[in-house]
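Letter by letter, the chains look like this.
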Amino acid sequence: MKILIATDKPFAAEAVQGIREIVEKAGYELALLEKYTEKKQLLDAVSDADAAIIRSDIFDKEVLSAGKKLKIVVRAGAGFDNIDLDAATANNICVMNTPGQNANAVAELTFGLAVYAIRNFYDGTSGTELLGKKLGIHAYGNVGRNVARIAKGFGMDVYTFDPFLTKEQIEKEGVKALGSVEELYSTCQFISVNIPATAETKNSINYKLLMGMPKKAVIINTARKEVINEADMVKVLAERNDIKYVTDIKPDNHGELVSKFGDRYFSTPKKMGAQTAEANINAGLAAARQIVDFIENGNERFRVNKK
Ligand code: 3PG
């Protein structure tokens, strides 16, 4: 059995070592493709792999079809919008994620970005604080829960909207549940975007939602660029010079945002939310264990595609 780690953005060395130990203990072989620059390298690497551990690496129809022996692909992380699930099913490939394993790392970066924004990108001028401010968590999944836990430490007033949870489920954790996404955005000065990119959520954070936000609003995006309507964000930042946007996922119109709103907009150069040794170890080792358990015992617990 050959297990491939295909990561354009490499794991920490300790995570790769931990994966290697799990794979070799099971009697399998490990192959490593990191920082690849051409799709061809990925196509070659998957050609003789039985399983793959990936991150945001694009596993489209072509890549999945090139993996003639592939039985399972595990996305070491939460979002699997980078994988063509229908093509995987058609090729009899099981796709899994490792939910929650990198959530704390992403949540911590949320506050790194928030403080950076309200201290005016550390330009030496007087900024503001998080204490006592309203934070809206959109929405309350694994990252959202960690954001809430940390926000309480900052003394923030924490709200969320999550259509998949009841008011009781949310409020027993000391977070206020609001009835709609509009209410969340109109109530909270700070918004932490924690929704996946799906057909329903793409472009859903739009002009109307953003214009409804209170004065000195700050939008912190550690989720996906696709959930923000980028043209609307430009309009909003132009019409409301009190709003700031900080993101861990460089928008397609990054250059325009920098040139027009450089003092109120910031993007990390590369998605850094899950880029910690701890998150890499948690997610990477979980992925390796899931692969071994799938091959040895047929365990499909974290499967995300149809059979
Ligand atoms: C995720 O979906 O798990 C996060 O966005 C992290 O993605 P990454 O592994 O590509 O950093």
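The model shown is predicted, which means the values in this text are computed figures rather than measured ones.

Colleague: How do you make sense of the packing of aromatic side chains when you look at a structure like this?
Modeller: Each aromatic ring pair is summarised here by two numbers: the centre-to-centre distance and the angle between the ring planes. Overall, the coordinates contain 6 aromatic pairs when judged by the stated rule. Residues F121 and F266 carry aromatic rings whose centres are separated by 6.3 Å and whose planes lie at 45° to one another, so their mutual orientation is tilted. Within this pair, whereas F121 is found in the loop between α5 (103-118) and β6 (134-138), its partner F266 is found in strand β12 (residues 265-267), the two being separated by 145 residues in sequence. Between Y245 and Y265, the aromatic rings sit 6.0 Å apart at their centres with planes inclined by 40°, giving tilted as the arrangement. In this pair, Y245 sits in strand β11 (residues 244-247) while Y265 sits in strand β12, placing the two residues 20 residues apart along the sequence. You can call Y245 buried: its relative accessible area is 2%. Residue Y265 is classed as buried on the basis of its relative accessible area of 4%. One aromatic cluster is present, formed by Y116, F121, Y122 and F266 through successive ring pairs. Stacked on the ring of Y207, the Lys or Arg K235 has its end atom at 4.4 Å from the ring centre.

Colleague: How should I be thinking about the sheet that holds strand β5 (residues 94-97) in this particular structure?
Modeller: Sheet strands line up and pair through hydrogen bonds in the backbone, either parallel or antiparallel. Sheet architecture is open: 5 strands sit in the order β2-β1-β3-β4-β5, paired in parallel fashion. Looking at strand neighbours, the two that pair on one side only are β2 (29-34) and β5, the edges of this open sheet. In this sheet, adjacent strand axes meet at a mean angle of 20° when their direction is disregarded. Across 4 bridges, the pairing between strand β1 (residues 2-7) and strand β3 (residues 51-54) is parallel. Across the sheet, residue I5 finds its bridge partner in β3, namely I53.

Colleague: What is the right way to look at the site of the ligand in this model?
Modeller: Around the ligand lies a shell formed by K9, R55, S56, R75, G77, A78, G79, N102, R224, K271 and A274. In this structure, an oxygen atom belonging to the ligand sits 2.7 Å away from a main-chain N or O atom of A78. Look at the ligand: alone it shows 320 Å² of surface, and the protein chains cover 95% of it. Split by residue class, the shell around the ligand holds 2 nonpolar, 4 polar and 5 charged.

Colleague: Mind showing me how you'd approach the domain arrangement of the protein here?
Modeller: Reports often express the size of an interface as the amount of accessible area lost when the parts come together. Domain assignment breaks the protein into domain 1 (2-101 + 275-297) and domain 2 (103-267). Computed from C-alpha atoms alone, the centre-to-centre distance between domain 1 and domain 2 is 30 Å. With 8 residues of domain 1 at the interface, the matching set in domain 2 holds 5 residues. When the two sides are added together, the surface that domain 1 and domain 2 hide from each other amounts to roughly 470 Å², 46% of it contributed by carbon and sulfur.

Colleague: Could you clarify how one ought to interpret the pattern of salt bridges in this entry?
Modeller: Here the idea is simple: oppositely charged side chains can pair when their charged atoms come close. According to the stated counting rule, one finds 15 salt bridges in the structure shown. For the salt bridge of K176 with D157, the shortest nitrogen-to-oxygen distance reads 2.3 Å. One end of the pair, K176, is in strand β8 (residues 176-177); the other, D157, is in strand β7 (residues 157-160), and 19 residues separate them in sequence. Assessed through its relative accessible area of 36%, K176 is described here as partly exposed. Given a relative accessible area of 21%, D157 falls into the partly exposed group. Between D242 and R240 there is a salt bridge, and its shortest N-O distance comes to 2.8 Å. Connected via shared salt-bridge partners are K39, D60 and E62.

What counts and how
Residues numbered from 1 in each chain as written. Predicted model: local features only at pLDDT ≥ 70, side-chain atom pairs only at ≥ 80, totals over all residues. Heavy atoms only, no water. Phe/Tyr/Trp six-rings, centres within 6.5 Å; stacked < 30°, edge-to-face > 60°. Helix = DSSP H or I, 4+ residues; strand = E, 2+ residues; numbered from the N terminus. Buried < 20%, exposed > 50% of the residue type's maximum accessible area, 1.4 Å probe, protein only. Lys NZ or Arg CZ within 6 Å of the ring centre and 35° of its normal. Pairing = 2+ DSSP bridges. Axes fitted to C-alpha atoms, helices over the stretch in contact; angles between N-to-C directions. Near = heavy atom within 4 Å. Polar contact = N/O pair within 3.5 Å; in protein donor to acceptor, adjacent residues only side chain to side chain. Areas by Shrake-Rupley, 256 points an atom, 1.4 Å probe, with all protein chains shown as cover. Nonpolar A, V, L, I, M, F, W, Y, C, P; charged D, E, K, R; others polar. Domains from an automatic or database assignment. Contact = heavy atoms within 4.5 Å. Buried area = accessible area lost by both parts, 1.4 Å probe. Salt bridge = Lys/Arg side-chain N within 4 Å of Asp/Glu carboxyl O.

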